[in-house]
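Now for the letters of each chain:
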Amino acid sequence: MTALGHFSSGSAGRPSRGTGRQSRAGIAFVSGYVLLLVAFGILPTGYAIYFAFTDAGGSFTGFSNFVTTAQDFRFMDAVGHVALYLLFWLVSLVVFVVVLALLLHRLALGALSKSLRFLFYIPGALAGAASVLVWLFMLDPTVSPVSSLLGMLGFDTFGEVIAPGHLPVLFTIIAFWTGAGGWIVVMYGALNNIPTDVMEAARIDGAGAWQTAWHIQIPMLRKWIVYMVILAFAGGAQLFVEPQLLSLASVGTAGRDYSLNQLTYDFAFQLNNINGAAAVSVELLVVSVSAAALFVARSGFFDAD
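Conventions adopted
Residues numbered from 1 in each chain as written. Predicted model: local features only at pLDDT ≥ 70, side-chain atom pairs only at ≥ 80, totals over all residues. Heavy atoms only, no water. Helix = DSSP H or I, 4+ residues; strand = E, 2+ residues; numbered from the N terminus. Buried < 20%, exposed > 50% of the residue type's maximum accessible area, 1.4 Å probe, protein only. Areas by Shrake-Rupley, 256 points an atom, 1.4 Å probe, with all protein chains shown as cover. Phe/Tyr/Trp six-rings, centres within 6.5 Å; stacked < 30°, edge-to-face > 60°. Salt bridge = Lys/Arg side-chain N within 4 Å of Asp/Glu carboxyl O. pLDDT = per-residue confidence, 0-100. Contact = heavy atoms within 4.5 Å. Core = buried A, V, L, I, M, F, W, Y, C linked by side-chain atoms within 4.5 Å. Polar contact = N/O pair within 3.5 Å; in protein donor to acceptor, adjacent residues only side chain to side chain. Axes fitted to C-alpha atoms, helices over the stretch in contact; angles between N-to-C directions. Left-handed = near helix turned anticlockwise from the far one by under 90°. Nonpolar A, V, L, I, M, F, W, Y, C, P; charged D, E, K, R; others polar. Patch = residues over 30% accessible without salt bridge, like charges linked within 9 Å, V, L, I, M, F, W, Y side chains within 5 Å.

Some remarks on the overall build of the chain
Then, number 1: Helices and strands together make up the secondary structure of the chain, namely 15 helices and zero strands.
Then, number 2: Within the chain, the proportion of its 305 residues that are buried is 34%.
Then, number 3: For the chain, the exposed area adds up to about 18,000 Å²; of that, 70% sits on carbon and sulfur atoms.

Below, the structure is given as structure tokens:
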């Protein structure tokens with residue numbers, strides 16, 4: 001008994017061989033991500049912060065780069081453009097993604113459901129630049145397959161379609177077409193993880209489809225919705241490809257300084273003001289991180305269910 005007791009206490013105090021192997025495997029999987037995060041995330045961020053607070057000679061300048069860029073005549077217009085686009089983009093994303101995911105979940109009919117999920121996901125397989133090129137073709141009334149619809153809306157030329165006042169809506173449509181499908185599939189998977197006994201209890205209590213969605217499914221999707229909004233906000237604040245390609249295709253009609261990222265590009269490669277470009281980049285980082293922190297804090301994202 002004594003030997004058995006010593007053996008048991010010794011075994012309990014030492015990690016098993018299987019546990020050590022799992023730990024090493026976990027470290028190996030995480031290490032790749034950590035290396036990439038440091039190389040392409042932390043180091044470039046630190047480099048940008050350094051440039052944002054120094055001048056071309058490397059001397060510390062405080063907030064002068066931020067003040068200089070904020071006083072640029074294009075800065076506030078770019079802020080307004082991005083803010084309006086984010087409003088349209090986030091509202092449409094949350095509303096339509098949740099509604100379409102709920103409808104898809106309710107229409108779970110085997111092959112039909114799989115086909116719809118595949119169709120939703122296809123546009124997301126295109127890179128941002130490729131999706132914009134597709135929409136350049138779609139928005140030109142002279143070659144678009146929906147030219148009759150554009151004509152009904154009063155658009156006869158490409159320039160009329162991409163008038164500056166239409167750009168927030170157009171960028172929202174392009175972004176939704178490209179990115180919403182993947183989120184619909186994600187929300188559909190989250191809906192499938194709702195316990196069946198909860199759904200059954202709702203049916204027994206007489207809850208209809210609308211009541212079930214509003215009082216059970218949507219609240220249980222809250223954290224997924226918050227996660228989607230955080231990533232969509234960060235991506236939307238960095239609007240660049242869509243206005244840049246539209247500007248090139250329209251010979252400047254759409255504006256090469258429409259968004260803050262375009263303005264950053266202009267500072268860096270047209271005006272040779274790397275420090276000003278870094279300052280705008282840091283401002284975008286601060287806004288995105290602050291918005292993410294606000295969403296997480298107000299939603300209880302990390303609260304245990």
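Next comes the rest of the description.
Considering the packing of aromatic side chains
Then, number 1: Using the criterion set out here, one finds 14 aromatic pairs in the structure.
Then, number 2: Between F63 and F66, the aromatic rings sit 5.7 Å apart at their centres with planes inclined by 50 degrees, giving tilted as the arrangement.
Then, number 3: On the accessibility criterion, F63 (58% relative accessible area) is exposed.
Then, number 4: Judged by centre distance (5.6 Å) and plane angle (15 degrees), the ring pair of W210 and W214 falls under stacked.

Some words on the pattern of salt bridges
Then, number 1: For the structure on display, the rule yields five salt bridges.
Then, number 2: Linking R74 and D72 is a salt bridge whose minimum nitrogen-to-oxygen distance equals 2.9 Å. Across this residue pair, the class does not change: R74 and D72 are buried.
Then, number 3: With its nearest N and O atoms 2.5 Å apart, the salt bridge here joins R74 to D266. Of this pair, R74 sits in the loop between α3 (64-70) and α4 (75-106) while D266 sits in helix α14 (residues 260-269), and the two are 192 residues apart along the sequence.
Then, number 4: According to the relative accessible area criterion, R74 is buried, its value standing at 9%.

A few points about the confidence of the model for the chain
Then, number 1: Of all residues in the chain, 89% have pLDDT values of 70 or greater, and the mean over the chain is 85.
Then, number 2: The element-level mean pLDDT for the chain is lowest in helix α1 (residues 2-13), coming to 48, with α3 highest at 95.
Then, number 3: Below a pLDDT of 50 lies the segment residues 6-11, which in the model reaches zero contacts outside its immediate sequence neighbourhood of four places, other chains included.

With respect to unusual backbone geometry
A negative phi holds for most residues other than glycine; trans holds for most peptide bonds.
Then, number 1: Residue N272 is not a glycine yet carries a positive backbone phi of 55 degrees.
Then, number 2: Assignment of secondary structure puts N272 in the loop between α14 and α15 (274-299).

Some remarks on the nonpolar core
Then, number 1: Counting 58 residues, the largest nonpolar core has W89, L93, V97, L167 and L246 as its most contacted members.
Then, number 2: Top element by residues in this core is α4. It accounts for 13 residues.
Then, number 3: Sequence-distant contacts of L246, defined by excluding residues within four places in its chain, comprise L136, F158, I162, L167, F171 and A254.
Then, number 4: Ranked by size, the runner-up nonpolar core spans five residues in total, among them A52, F66, A279 and V282.

Observations regarding α14
Then, number 1: Most of α14 sits out of view: eight of its 10 residues are buried.
Then, number 2: Among the residues of α14, L260, N261, Q262, L263, T264, D266, F267 and A268 are the ones counted as buried.
Then, number 3: Lining the buried residues of α14 we find α3, α4, α13 (241-249) and α15.

Some remarks on the side chain of S299
Then, number 1: Looking at the secondary structure, you find S299 in helix α15.
Then, number 2: Within the local environment of S299, its side chain forms a polar contact with the backbone oxygen of V296, the two atoms lying 3.4 Å apart.

Some points on the environment of L139
Then, number 1: By secondary structure assignment, the location of L139 is in the loop between α6 (128-138) and α7 (147-152).
Then, number 2: The buried category is assigned to L139, whose relative accessible area is 7%.
Then, number 3: If we skip the residues at most four places from it in the chain, L139 touches L150, F158, V161 and L170.

Points about the packing of helix α9 (residues 167-192) against α13
Then, number 1: Running from N to C, α9 and α13 point in directions that differ by 120 degrees, and their axes come no closer than 10 Å. Where α9 crosses over α13, the handedness of that crossing is right-handed. Contacts from L167, F171 and I174 in α9 reach E242, P243 and L246 in α13.
Then, number 2: Residues of the contact of α9 with α13, tallied by class, amount to five nonpolar, no polar and one charged.

Overview of a nonpolar patch on the surface
Then, number 1: Taken together, the side chains of L84, L87, F88, V91, V95, F96, V99, L103, V169 and I173 present a nonpolar region at the surface, about 830 Å² in accessible area.
Then, number 2: Of all the secondary structure elements, the ones that give two or more residues to the nonpolar patch are α4 and α9.
Then, number 3: Broken down by element, the nonpolar patch gets its largest block of residues, eight residues, from α4.
Then, number 4: Along the chain, V91 falls in helix α4.
Then, number 5: For V91, a relative accessible area of 46% puts it in the partly exposed group.

Digging into the environment of Q244
Then, number 1: Following the sequence through the fold, Q244 ends up in helix α13.
Then, number 2: With a relative accessible area of 16%, Q244 lands in the buried category.
Then, number 3: When the C-alpha positions of Q244 and R256 are compared, they lie 6.0 Å apart, and in sequence the two are 12 residues distant.
Then, number 4: Among all residues touching Q244, those that are not within four sequence positions of it are R256, Q262 and Y265.

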